[in-house]
Amino acid sequence: MKVAGIETDVVAYNTVIKALCLKNSWFEAKELVAEMESRGINPNSKTYGLLMNGLLRLNKPGPCLTLFESACADQRTASLMENVQLYTTAITASATLGDYERAFELVSRMSFAGVKPNIKTLTALMGSCISAGKFDTAMDVYDKIPNPDGYAQTLAIRAKCGMGLFEEALNSVSISIKSGENSLSGKQLMQSYNCIIGAALEQEEFLLAKQTMDNLLSEGLIPSKKSFQRIIDSLDLAPARENLKDSGEKRNMNEDAQFEYLLGVLDALEARKLSCSAPFYSAVLAEGARSGKLKRRLASIISLARTTEQNSIQLEENENITTVAPKEVTTWLGLWKNYAGLKDRLDDIQLQTIRVNINGRELRSVLYAERAVTFGRKKRKKTAPKRELPTLN
């Protein structure tokens, strides 16, 4: 810094330390702090805040707390630690560790020191409670926030899901959308919907999970890859390359309702002409193959619908297309519930289109899943014609 002609004061050092922490060069930043101390420049509260946040960026909450506590124990820097930002960072580190008791201890210490918690402090405290599974305590903290922002509302929705209050969580999202004040951002709204869907599916609340998906789509949101992955993880669906034979272990007590939910998602997406992710599509086929019988048959038809859609796109580019009489349209749920009456006239029925986003890395797993549910026709063995033996006269 001296060679570059930069005035060596605490502001200049903090600027360089911030840049190093953003580059995850925390040890270089710590050496710079030692250098500034050797030059007689004392670090301030912002310096410690930069170092603590740098450790959190490196996913090292333990050392972050150690740095905070060592500075609090040092008489030279103890007064610098009486800062709401530093206490909030320490509470965030406790939340990352799932140590909610230490987080509450830090809040008590800051109140005793005359430092008033702000909304970021309380949301960090809520996060520590949620990480420890203390959802009711998290809601108690939420009730103490006078004007909760979108992040606080998101944490409250997570806490309600953890308590099994799925309908109340969904109502909270609806109220936030209608109020317009301190409402959820688009990202927070998607996170809240994904949280409700995932938690409801884990408890086999399929109807509420479907209602949440319908609300998500009605708000004009498009499910992301994280949304589909949350469904896969919550239902513990078999990946495409897993052994698809039924192991005899039931993953839930109502597999028909689970399969109906998956079909309902496909129908809801097609109603808005949206695509699903390749892992979700492969998981649906794998679930059908694993279950066997009718589910396997429907999974085979779903696979055929995707390949047929790809072929129809190519045919649309041809100008010489003969018009075909319109067919009866049915949803995947409708086919599932009325398969006995529809199986003999599937050629006269127009099924829902299956739209799948597939990249190059996912194509192999998709083809593997489709091959697992393909019903090949059994080839008849050709037998040689019997020769008649000549008769002796």
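It should be noted that the structure appears before, not after, this text.
Every value quoted in this text rests on a predicted model; they were computed, and no experiment measured them. (Residues numbered from 1 in each chain as written. Predicted model: local features only at pLDDT ≥ 70, side-chain atom pairs only at ≥ 80, totals over all residues. Heavy atoms only, no water.)

A. Up close: the nonpolar core. Counting 65 residues, the largest nonpolar core has Ile231, Tyr261, Leu263, Leu266, Phe280, Ile302 and Trp332 as the members making the most contacts within it. Filtering out sequence-adjacent residues up to four positions away, Phe280 remains in contact with Phe228, Ile231, Ile232, Leu262, Val265 and Leu266. Counting 48 residues, the second-largest nonpolar core is a separate cluster that includes Trp26, Cys64, Cys72 and Ala90. (Core = buried A, V, L, I, M, F, W, Y, C linked by side-chain atoms within 4.5 Å. Buried < 20%, exposed > 50% of the residue type's maximum accessible area, 1.4 Å probe, protein only. Contact = heavy atoms within 4.5 Å.)

B. Summary view of the side chain of Gln258. Position of Gln258 relative to the elements: it lies in helix 14 (residues 255-271). A polar atom in the side chain of Gln258 sits 3.0 Å from the side chain of Glu287. (Helix = DSSP H or I, 4+ residues; strand = E, 2+ residues; numbered from the N terminus. Polar contact = N/O pair within 3.5 Å; in protein donor to acceptor, adjacent residues only side chain to side chain.)

C. Highlighting helix 10 (residues 166-179). With 14 residues, helix 10 ought to run about 20 Å at 1.5 Å a step, and its terminal C-alpha atoms sit 20 Å apart, in line with that. Within the sequence span of helix 10, burial applies to Phe166, Ala169, Leu170, Ser172, Val173 and Ser176. In a view along the axis of helix 10, the buried residues occupy a sector of 150 degrees, so they form one face of it. Facing away from the buried side of helix 10 by over 90 degrees, the exposed positions are Glu167, Ile175 and Lys178. Summarising the contacts, the buried residues of helix 10 are in contact with helix 9 (150-162), helix 11 (186-202) and helix 12 (206-218). (Expected span 1.5 Å × (residues − 1). Arc of directions from axis to C-beta.)

D. Here's a closer look at unusual backbone geometry. Of note, Asn24 is a non-glycine position whose phi angle comes to about 60 degrees, a positive value. Counting through the fold element by element, Asn24 comes out in the loop between helix 1 (10-22) and helix 2 (26-38). By relative accessible area, which is 41% here, Asn24 ends up partly exposed. The residue Asn59 is not glycine, and still its phi comes out positive at about 60 degrees. Inspection of the secondary structure assignment puts Asn59 in the loop between helix 3 (45-57) and helix 4 (61-73).

E. Inspection of the side chain of Ser227 at higher detail. On the secondary structure map, Ser227 appears in helix 13 (residues 225-235). Judged by relative accessible area, Ser227 falls into the buried class, the value being 4%. Dropping the residues within four chain positions of it, Ser227 is found in contact with Met190 and Asn194.

F. Layout of the packing of aromatic side chains. One pass over the structure, following the stated rule, counts 6 aromatic pairs. With centroids separated by 5.2 Å and ring planes inclined at 40 degrees, the aromatic side chains of Phe228 and Phe280 adopt a geometry described as tilted. Taken together, the residues Phe228 in helix 13 and Phe280 in helix 15 (residues 278-291) connect sequence positions 52 residues apart. You'll find Phe228 and Phe280 in the same group, each marked buried. (Phe/Tyr/Trp six-rings, centres within 6.5 Å; stacked < 30°, edge-to-face > 60°.)

G. Summary view of the packing of helix 4 against helix 6 (residues 100-112). Where helix 4 meets helix 6, the closest approach of the two axes is 14 Å, and the angle between their N-to-C directions is 30 degrees. Here helix 6 runs roughly parallel to helix 4, going by the angle between their axes. Crossing of helix 4 over helix 6 shows left-handed handedness. The segment helix 4 lies against helix 6, with Leu65, Phe68, Glu69 and Cys72 engaging Arg102, Leu106 and Arg109. Across the contact of helix 4 with helix 6, the residue classes tally to 4 nonpolar, no polar and 3 charged. (Axes fitted to C-alpha atoms, helices over the stretch in contact; angles between N-to-C directions. Parallel < 35°, antiparallel > 145°, perpendicular 65-115°, else oblique. Left-handed = near helix turned anticlockwise from the far one by under 90°. Nonpolar A, V, L, I, M, F, W, Y, C, P; charged D, E, K, R; others polar.)

H. Empty space enclosed by the protein, seen in detail. Here the structure, examined in full by the defined rule, presents 1 cavity of 30 Å³ or more. The calculated volume of the largest cavity comes to roughly 50 Å³. If you go around the largest cavity, the residues you meet are Leu266, Leu269, Glu270, Leu274, Ser275, Cys276, Thr353, Ile354 and Arg355. Among the elements that take part in the lining of the largest cavity, helix 14 stands out by supplying 3 residues, more than any other. A per-class count over the lining of the largest cavity returns 5 nonpolar, 2 polar and 2 charged. (1 Å grid on protein atoms, 1.4 Å probe; cavity = no way out; pocket = protein on both sides within 12 Å on 5 of 7 lines; lining within 4 Å. Points joined across faces, edges and corners; volume = space filled by probe spheres on them.)

I. Just the pattern of salt bridges, in detail. Scanning all chains against the criterion turns up 13 salt bridges. The partner of Glu69 in a salt bridge is Arg102, with the nearest N and O atoms 3.4 Å apart. Placement of Glu69 in helix 4 and of Arg102 in helix 6 is noted, with a sequence separation of 33 residues between them. Given a relative accessible area of 23%, Glu69 falls into the partly exposed group. One salt bridge connects Glu362 with Lys225, and the closest N-O pair in it is separated by 3.8 Å. Remark: Lys225 occurs in helix 13 and Glu362 occurs in the loop between strand 4 (356-357) and helix 19 (363-372); sequence separation between them is 137 residues. For Glu362, a relative accessible area of 13% puts it in the buried group. (Salt bridge = Lys/Arg side-chain N within 4 Å of Asp/Glu carboxyl O.)

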